[in-house]
Structure formats: structure tokens, C-alpha cells
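# Residue-level structural notes
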Amino acid sequence: MPPTRRSVLMAIALCTTAVAATACASSPPSPSDGGQFVVGYSQSNNAEPYRAQLNLQLQYFAKQHSDLKLLPITDAHQDSATQVSQVQNFIQQKVNALIVSPNEPAPLTAAVQQACDAKIPVIILDRTVSTDCYSAFIGGDNYVIGKLAGEAAVAALPNGGNVVELRGILSDQPQVDRDKGFRDAIAGHNLTIIDEQEAKWLKANATTVMQQWLSKGDKVDLVYAHNDDMALGAQLAIQGAGKAGAIQIIGIDGLAIPTGGIRAVQNGQLLTTFVYPTGAEQAVDTLVKLLHNQSVEKKQVLSTTRVTPENAAQIYQEYDMSGKVGG
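Residues numbered from 1 in each chain as written. Predicted model: local features only at pLDDT ≥ 70, side-chain atom pairs only at ≥ 80, totals over all residues. Heavy atoms only, no water.

## Examining the pattern of salt bridges
Once their charged atoms are close, side chains differing in charge can pair, the charge on each being opposite to the other. Short version of the rule: Here a salt bridge means any side-chain nitrogen of Lys or Arg lying within 4 Å of a carboxyl oxygen belonging to Asp or Glu. Each helix is a run of H or I in the DSSP string that is no shorter than four residues. Each strand is a run of E no shorter than two, and both are numbered from the N terminus. The cut-offs for exposure are 20% and 50% of the maximum accessible area for each residue type, with area from a 1.4 Å probe on protein chains only; residues under the lower value are buried, those over the upper are exposed, and the others partly exposed.
Scanning the entire structure with this criterion turns up 15 salt bridges. Two residues, Glu 48 and Arg 127, come together in a salt bridge whose shortest N-O distance is 3.9 Å. Of the two residues, Glu 48 is situated in the loop between strand E2 (37-43) and helix H2 (49-63) and Arg 127 in the loop between strand E6 (122-125) and strand E7 (136-140); the sequence distance between them amounts to 79 residues. The pair formed by Glu 48 and Arg 127 is uniform in burial state, with each residue classed as buried. Between Asp 126 and Arg 51 there is a salt bridge, and its shortest N-O distance comes to 2.3 Å.

Here is the structure:
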């Protein structure tokens, strides 16, 4: 094998196996717009409160760095083909870095690979893709959160009972992990999931599904929703059926906003929820390091906290960014 080719292959191997990634670039990207690094962010669906809050926080933290220029955040509206096109457009614009919250892992994989091939550092935020060719992944441990939710359900129904499950988009890895963690936790505790359905993370969908379940007349003791928006959608249906307080509800997200899960726990609308950090601050910190050719952790797992009536006020205060982002 010629020495030149051997050297190239060794460099590729080192690039793909490094834990501390720097986008495998030979030198840091150069600012391309008036001395600023241009950054694109592809969001899966702005209609979800969690993602709307993530957008606001990312914009806030990006503004703290004068050498960053965050382009208008694109919204895929839960359509993977649209998101692929939006990511490819950022690549064609030759942005200095890219952040992607995939709608679904498989459809976005090729687009992320294209960015990688173009030597554009990529941060995957919250949801995975089916390639390791990115600079960093930032998100929560959804299996652990699902398991904690299951443990909360077991504690809430010590004598067993019937559970219904409102699931996110079935192809999303967070949905898969939140489902598996929950099921593993309730196994052997006389809890039965009598109904489950995809509600695509959205409140209106969850309300409709819950109304259908209630109309069947089956006894429901607890609702497990994969996010707070769906949990609160179920709560609307339960309240409308005159069953408020008779069916307990568990959610996930724990946003510190007036219409979020933390307030819902305080108000007695939800039994509990779990903080799923947006990762916005970590994403910007990682972005700055990448753009200045500093090493970063390839996988950054964010911790969670269970929200209860006893600690809700404290947690709300800890995560409240309303004075900064206006949310």
C-alpha cells in the first residue's frame, strides 16, 4: 500500500473513532459573514411547546456570543422530507455549523452524512440519527425517564390497575425508549396497558384519542403520556368527561412556562412529570468549542428530575427563563 494512501486511511480511522470530536476538520472553520460564524438550526416541529421553548432558549444563548450568527430556525412541521430539504439548503449555503433535531432518525441520516462530508460540524439535539458522522449528540436518557415514569405509576397504583399510553411518533427513538423504560418498570406489578396509541406529541391529538378511549367505557386508572402536551390533552378529555381526579396522569418535559408540566403538577392537573432539559445552553457551548477547534464530548447525556407538588415551585424557579426569553 503506498504511504500516502496508508496515511489517509489512518486519518479516517482516527476521525471516526475519536470520542472528543472536532468535526474531523483539519482546521477550524473560518467566519464567513462579517466576522461571524453562520449557524443553521433545523427543528422538527415548532408546534410542540417543548420545541418552541428550545428555539427561544437557543436564540438567547447564541446571542451571548457576538461571533455567532444563528440563521432563522427552520420548521419541518413533523415532515421528514421537508426537514431533509431544509438541512440540504443549509449545506448549500455553506453554513459554518449545523444543529439538527431530527423528526425521524432514518430519513435524516443521509442529510446529516452530507453535512459531515461537506466538513460542516453537526450537533444532533434530542433525537438520534443512524450514523456516527456528527460532532456531538446532546439529549436526555429517555429509557431512564420512561423507567422513572413507570416507577411513579407503580407507586401511584400499589394494588395494580389499568393504564393507557399516549405515544409520540412511533419511529422516534425517544418514544421507543420512553415506552420500553415504562414497560420494564411496571412489569410484575399488576399494571396492565389496556390501550396505546400514537398521538404524535400533540395536545389536540391526545385529547381526541383520550375521548375515544373514555367512550369505550373501560376502567382507566392512569394515563402515561410521552410528553406533557399530550398529558394535558388527555386531562382536557378527562375533565370534559367529568372524571377529573379519578384518573391520574403522568407526563414528561417539565417546562418552566405557565402552560407547562411543572405548573400542571402544582395545579393538580398531573400527578407528576419529569424535566427533560432542552439542551439549548449545552448546544451553544458545544458549538462555540467546535467552531474554535476545541474538543467536545461526542455524547452528552442530560440528567432529569422528577417534579412533585412538594418540589415544583423550586424546580420552576431553577429552570424559569421567562425574564430572558419572554416565554
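Next comes the rest of the write-up.
## Some thoughts on the packing of aromatic side chains
Any aromatic ring pair is given by two values, namely how distant the centres are and how the planes are angled relative to each other. Which entries qualify depends on this criterion: Geometry of aromatic contacts follows a simple scheme: Phe, Tyr and Trp rings, the Trp one being its six-membered ring, pair when their centres are within 6.5 Å, and the pair is stacked under 30 degrees between planes, edge-to-face over 60, tilted otherwise. Charges are assigned to positions over rings by a cutoff of 6 Å between ring centre and Lys NZ or Arg CZ, combined with an angular limit of 35 degrees from the ring normal.
Going through the model one piece at a time under the given rule, you end up with three aromatic pairs. Plain terms: the ring middles of Tyr 50 and Tyr 276 are 5.6 Å apart, the flat faces sit at 45° to each other, and that makes the pair tilted. Within this pair, whereas Tyr 50 is found in helix H2, its partner Tyr 276 is found in the loop between strand E12 (273-274) and helix H10 (280-291), the two being separated by 226 residues in sequence. Judged by relative accessible area, which is 2%, Tyr 276 ranks as buried. Taking 4.0 Å as the distance between ring centres and 10° as the angle between the ring planes, the aromatic pair formed by Phe 182 and Tyr 224 counts as stacked. With a gap of 42 residues between them, Phe 182 in helix H6 (residues 173-186) and Tyr 224 in strand E10 (residues 222-225) connect regions that are remote in the sequence. A relative accessible area of 0% places Tyr 224 in the buried class. The positively charged end of Arg 178 is found above the aromatic ring belonging to Tyr 276, 4.6 Å away from the centroid. Sitting over the ring of Tyr 316, Arg 263 keeps its end group 3.7 Å from the ring centre.

## Considerations on the environment of Gln 53
Inspection of the secondary structure puts Gln 53 in helix H2. It is 9.5 Å that separates the C-alpha atoms of Gln 53 and Met 321, two residues lying 268 residues apart in sequence.

## Some details on the side chain of Asn 142
Rules: Polar contacts, as counted here, are pairs of nitrogen or oxygen atoms within 3.5 Å of one another; within protein the pair requires one atom able to donate a hydrogen and one able to accept it, and residues that are adjacent in sequence qualify only if both atoms are side-chain atoms. By the convention used here, residues are in contact when the closest approach between their heavy atoms is within 4.5 Å.
If you trace the backbone, Asn 142 turns up in helix H5 (residues 142-156). Of note is the side chain of Asn 142, whose polar atom sits 3.3 Å from the side chain of Tyr 276. Not counting residues within four places of it along the chain, the set of residues in contact with Asn 142 comprises Pro 174, Asp 177, Arg 178 and Tyr 276.

## What about empty space enclosed by the protein?
The line we're drawing: Residues are called lining when one of their atoms sits within 4 Å of a cavity or pocket point, these points coming from a 1 Å grid over the protein atoms alone, where a cavity is a set in which a 1.4 Å probe fits but cannot get out and a pocket is an open set with protein on both sides within 12 Å along at least five of seven lines. Grid points are joined across faces, edges and corners, and a volume is the space filled by probe spheres set on the points. Gly falls in the polar group here, along with every residue not listed as nonpolar (Ala, Val, Leu, Ile, Met, Phe, Trp, Tyr, Cys, Pro) or charged (Asp, Glu, Lys, Arg).
The tally for this structure, following the rule as stated, stands at two cavities of 30 Å³ or more. Reported here for the largest cavity is a volume of approximately 90 Å³. Contributing to the lining of the largest cavity are Glu 48, Tyr 50, Arg 51, Asp 126, Arg 127, Pro 174, Arg 178, Trp 201, Asn 227, Asp 253 and Tyr 276. Of all the elements in the fold, those that place two or more residues in the lining of the largest cavity are H2 and H6. Taken together, the residues of the lining of the largest cavity break down into four nonpolar, one polar and six charged.

These values are about where atoms sit, not about what they do.
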